[in-house]
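Structure at a glance
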There are 2 protein chains.
Amino acid sequence: MDDPTLHEAGELEALRRILPLLPAGDTTELGPGDDAAVVRAPDGRVVVTTDTMLEGADFRLGWSTWHDLGWKAVATNLIDVAAMGARPTSLVVALAVPPSTHVSSLEDFARGLADAVASMAPGCGVVGGDLGTAPHATIAVTAFGDLGGRAPVLRSGARAGDAVWCVGGLGLAATGLRHLFAQALDAAAEPVRAAAERLRAGADGASIEAQLAPVSPIAAGTLLADLGATAMLDVSDGLALDAARVARASGVRIALDGAAVAGAAPGASLEAALHGGEDHALLVALPAGVRPPAELGGHAVRRIGAVEALAADERPGVTLDGAPLAPRGWDPYRAG
Amino acid sequence: MDDPTLHEAGELEALRRILPLLPAGDTTELGPGDDAAVVRAPDGRVVVTTDTMLEGADFRLGWSTWHDLGWKAVATNLIDVAAMGARPTSLVVALAVPPSTHVSSLEDFARGLADAVASMAPGCGVVGGDLGTAPHATIAVTAFGDLGGRAPVLRSGARAGDAVWCVGGLGLAATGLRHLFAQALDAAAEPVRAAAERLRAGADGASIEAQLAPVSPIAAGTLLADLGATAMLDVSDGLALDAARVARASGVRIALDGAAVAGAAPGASLEAALHGGEDHALLVALPAGVRPPAELGGHAVRRIGAVEALAADERPGVTLDGAPLAPRGWDPYRAG
């Protein structure tokens, strides 16, 4: 039984193999194994975000490896913590999978969590979790962060005169998903792993990678807050929709520059940059005089627009090169 | 469209109806609506626990109402916070359901969360969440608590000479589940709501209630910690197994008194009290001289055993009236 299933190994043996692979975290007082974990919150406040990744709706096991799923769970959740101007301290992971899942798959998942933390948020710990059974894999992550004395950076603080910046690339993850749907499904619309692997190793590899194992600019969150960010959010549902959220919350117009947006989307179309989703870039408003570095932690920092005051009777919204840009509402209940 | 489905109403409209029903919480600095919530952690540490409830494995929509599910999610998660000696401050809920689910069902779920918080943990807030789609309902809850300067009460602190107490009833939830399986399934093994409702209103109603909408002794956690609890845990997998966990973690023998255990299980058999599971009572070790109140927040407090030193070469374990009691390992991957 070199590579037993969960049914063969049982929960205790699975945990015995998985737990040592998880990063301990430098604010962890008590990790997995009791009724609950204990994490330090030096600031006296804790930033909290939760998200679920579901097989079928959010990922296909024929395309993503288990390592990818662990990696993506970290990349997509900790960026929400970063978008508040906080440093991610820890996360908990509740995983439900079929009993036929191999323990080695869960080890790969744990290594994905650990590798992503080491790469994007060193010092963050996986402090607890839950293992259960489900017919389709379900991954629920809750992540925590520390504000280090900063005020949280909300969506609502953008002011007319601020510049709008984007940290990280746009459109690539959606482009990768489009490639996978076009070239890595069989006649029965089932994912074909070999085709996905070929795409990933080929000319479109960067987009496949952005979709399956994204690298998000987590460390940039506190830096941008310290630069005076007035509003910030994780671009996850497409730039147009997420910019509209900032516009609405702040009561302003976000005027995007089409050429600059295209420049923030190497390898992707303007369409994908505006409406693609799953970018996990940071959209941030900074006071006009502030010049952030051209790169933060390997992620390009680009000015893509400006915050403008509303005219009388004008409703908050987004423009592209001066023309109104309608957000395409992504709604999980209406898709597909 | 008086009672639209999620598919008809969409996510925004669903959130517009659900969010006002959720309790705000008295440590909440920023609730739902941004990338993340911000919760005060006055102690400078935060207690964290996560758990998932899955349709099929953990509940049946033919037996549980949506209000029950919201209630149970609170009762079963906050007791893990309480078992550390902490006061629950907040929780986040990630919910994935089929698009055919009615918005009114989610409203009932939210009311269940709110009613349970008001009843068992007033002041606790629902500060964030996530809505998604899944073929079967999936509820992932992460709960937070504040230690108020206390040391967390671990499983590992029980010392020979301590008395073992139980706060809350044993065996009733498992008895209720047995009734439901015996009397509320149709010929195709599908749940029958009318039968479940009849049982709930009848002579076995208390056990059905304990299974579908349990009341857990959440407020007792900090009180027991303040009385000097040396070890504490939430009895969720059966007293025998959970007591064995304390014994192993503490390196002691837990000697249970059969008559006292039976006394802690009104309406249930000794078998159900020892091995039933889902009790969500608190098992706590207190120094010999400490006499807790006979009742805490409406939950009976009963002495059910003692912590004893191991003999040479003896392995940690549990006895019942002096005879070794083998825990029945509940393993989600091997059940069924």
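Named according to an unreviewed UniProt entry, chain A is Thiamine-monophosphate kinase originating from Agrococcus sediminis. UniProt, in its Function (unreviewed entry) section for chain A, records the words "Catalyzes the ATP-dependent phosphorylation of thiamine-monophosphate (TMP) to form thiamine-pyrophosphate (TPP), the active form of vitamin B1." Per UniProt, chain A has the following entry under Sequence similarities (unreviewed entry): "Belongs to the thiamine-monophosphate kinase family."

What follows covers unusual backbone geometry. Of note in the backbone geometry, A:Glu278 takes a positive phi value of approximately 60° without being a glycine. Here A:Glu278 is to be found in the loop between α10 (270-275) and β10 (281-286). Phi is positive for B:Asp313, which is not a glycine, with a value near 70°. Among the structural elements, B:Asp313 can be located in the loop between β12 (299-308) and β13 (317-320). Since its relative accessible area comes to 81%, B:Asp313 is described here as exposed.

Our next topic: the pattern of salt bridges. Here the structure, examined in full by the defined rule, presents 36 salt bridges over all chains. A salt bridge links A:Arg16 to A:Glu13, with the shortest nitrogen-to-oxygen separation between them at 2.9 Å. With A:Arg16 and A:Glu13 both in helix α1 (residues 6-18) and 3 residues apart, this pair spans about one turn of that helix. For A:Arg16, a relative accessible area of 54% gives the class exposed. Across the pair B:Arg150 and B:Asp226 runs a salt bridge, and its minimum N-O distance is 2.8 Å. One end of the pair, B:Arg150, is in the loop between β6 (138-146) and β7 (163-167); the other, B:Asp226, is in helix α7 (residues 220-226), and 76 residues separate them in sequence. Residues joined in a network through salt bridges with shared partners are A:Asp34, A:Asp35 and B:Arg155.

Attention now goes to the environment of A:Glu308. Residues and elements named next belong to chain A. For Glu308, the position within the fold is in strand β12 (residues 299-308). Look at Glu308 and you get partly exposed, because its relative accessible area is 30%. Linking Glu308 and Gly205, residues 103 residues apart in sequence, is a C-alpha distance of 38 Å. Discounting chain neighbours no more than four positions away, the residues touching Glu308 are Ala160, Val252, Arg253 and Ala255. In terms of polar contacts, Glu308 uses its side chain to reach the side chain of Arg253, at 2.6 Å.

Turning our attention to the relation of the copies chain A and chain B. Overlay of chain A on chain B (RMSD 0.0 Å): rotation 180°, translation along the axis 0.0 Å. In symmetry terms, the pair is related by a two-fold rotation axis. Of every C-alpha in chain A, the one belonging to A:Gly44 sits nearest the axis of rotation, 2.5 Å from it. A share of 100% of interface residues in chain A that are also interface residues in chain B marks the association as one of identical surfaces.

To continue, consider the environment of A:Gly132. Residue and element names in this part refer to chain A. Within the fold, Gly132 resides in strand β5 (residues 125-133). On the basis of relative accessible area, Gly132 is assigned to the buried category, the value being 11%. C-alpha separation for the pair Gly132 and Leu113, spaced 19 residues apart in sequence, amounts to 18 Å.

Before going further, it helps to examine the sheet that holds β5(A). Reading across from one edge, β5(A)-β4(A)-β6(A)-β3(A)-β2(B)-β1(B) is the order of the 6 strands in this open sheet, with mixed pairing throughout. The sheet is open, and its two edges are formed by β5 of chain A together with β1 (28-30) of chain B, each paired on a single side. Pairwise comparison of adjacent strand axes, ignoring direction, gives a mean angle of 25° for this sheet. Of the strand pairs in this sheet, strand β4 (residues 87-97) of chain A and β5(A) are connected by 8 bridges, and their pairing is parallel. Bridge pairing in β5(A) places A:Val93 opposite A:Gly129. Sheet strands touched by helix α3 (residues 103-120) of chain A: β4, β5 and β6 (138-146) of chain A. Its angle to β4(A), the strand with the most contacts, is close to 165°.

Cut-offs used in this document
Residues numbered from 1 in each chain as written. Chains lettered and ligands numbered in written order. Predicted model: local features only at pLDDT ≥ 70, side-chain atom pairs only at ≥ 80, totals over all residues. Heavy atoms only, no water. UniProt positions renumbered as here; feature names shortened; annotations may be inferred. Helix = DSSP H or I, 4+ residues; strand = E, 2+ residues; numbered from the N terminus. Buried < 20%, exposed > 50% of the residue type's maximum accessible area, 1.4 Å probe, protein only. Salt bridge = Lys/Arg side-chain N within 4 Å of Asp/Glu carboxyl O. Contact = heavy atoms within 4.5 Å. Polar contact = N/O pair within 3.5 Å; in protein donor to acceptor, adjacent residues only side chain to side chain. Least-squares fit on C-alpha atoms with pLDDT ≥ 70 in both. Pairing = 2+ DSSP bridges. Axes fitted to C-alpha atoms, helices over the stretch in contact; angles between N-to-C directions.

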